[in-house]
Amino acid sequence: MSTLLVQIEDQTLPLAKCVWVHYRPCGCACSVMEADWGDDEVFATEDQAHRELTPLKRDRDREIRKGFTLKLVTFAYYRESVDITANCQLCKPAKAVAFDGR
Ligand SMILES: [Zn+2]
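Presented here is an overview of the structure given in this document. Sequence order sets the numbering: in each chain, residues are counted from 1 along the sequence as written. pLDDT decides what is reported in this predicted model: residues at 70 or higher carry local features, side-chain atom pairs at 80 or more are listed and counted, and totals for whole chains, interfaces and linings draw on all residues regardless. With hydrogens and water set aside, each side-chain value is computed from the structure's full complement of heavy atoms.

## Here we look at the pattern of salt bridges
Side chains bearing opposite charge may pair, as long as their charged atoms lie close to each other.
Here comes step 1: Here a salt bridge means any side-chain nitrogen of Lys or Arg lying within 4 Å of a carboxyl oxygen belonging to Asp or Glu. Within this structure, the stated rule accounts for 3 salt bridges.
Here comes step 2: A salt bridge links Arg51 to Asp47; the shortest N-O distance between them is 2.9 Å. Here Arg51 and its partner Asp47 are both found in helix H1 (residues 46–53), 4 residues apart, which amounts to about one turn of the helix.
Here comes step 3: When accessible area is computed with a 1.4 Å probe and restricted to protein chains, residues below 20% of their type maximum are described as buried, those above 50% as exposed, and intermediate ones as partly exposed. Relative accessible area serves as the criterion here: at 47%, Arg51 is assigned to the partly exposed category.
Here comes step 4: Relative accessible area serves as the criterion here: at 42%, Asp47 is assigned to the partly exposed category.
Here comes step 5: A salt bridge links Lys57 to Asp61; the nearest nitrogen and oxygen atoms lie 2.8 Å apart. Of this pair, Lys57 and Asp61 both sit in helix H2 (residues 57–66), separated by 4 residues, roughly a single helical turn. Helix numbers and strand numbers start at the N terminus; a helix is a DSSP run of H or I with at least 4 residues, a strand a run of E with at least 2.

## Remarks on H1
Here comes step 1: Within the sequence span of H1, burial applies to Ala49, His50 and Leu53. On an axial view of H1, the arc spanned by its buried residues comes to 100°, and they lie on one face. Note: the arc covers the axis-to-C-beta directions of the helix.

## Overview of the side chain of Glu63
Here comes step 1: Residue placement: Glu63 occurs in helix H2.
Here comes step 2: Any two residues having at least one pair of non-hydrogen atoms within 4.5 Å are treated as being in contact. Glu63 has contacts with His22, His50, Thr54 and Phe68, leaving out every residue within four places of it along the chain.

## Details of the sheet that holds strand S5 (residues 69–74)
Hydrogen bonds between backbone atoms are what pair the strands of a sheet, whose relative direction is either parallel or antiparallel.
Here comes step 1: The rule for pairing is simple: two strands pair if DSSP sees at least two bridges between them. With antiparallel pairing, 3 strands are arranged side by side in an open sheet as S4-S3-S5. The sheet terminates laterally at strand S4 (29–34) and S5, the two strands that pair on one side only. Neighbour to neighbour, the strand axes of the sheet diverge by 25° on average, direction disregarded.
Here comes step 2: Pairing of strand S3 (residues 18–23) with S4, which is carried by 5 bridges, proceeds in the antiparallel orientation. Looking at S4, one finds that His22 is bridged to Ser31. Axes here refer to lines fitted to C-alpha atoms; in helices the fit is confined to the stretch in contact. Angles between the N-to-C directions go from 0 to 180 degrees.

Laid out in structure tokens, this is it:
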């Protein structure tokens, strides 16, 4: 496990306590991924996380054009405030990516 620290709002905390949430243009969360998988597999920047979640560049470019966003949040925030099973009328069913539900 790395000891990378990140700052989220006024908190400084280990990257290992964070997850990336991928939001659709409508604001619904479509996927979530741990930011630190251990063994040097860390996703410390939005670009690194996007490359992992959406491997093909043309897909990433399309998502960026359409207004998809990535946000680094704490596990606590994720548990309290993010529901990847919630879908509005604009979007398709969500899926979890490499997330063990901690
Ligand atoms: Zn939606």
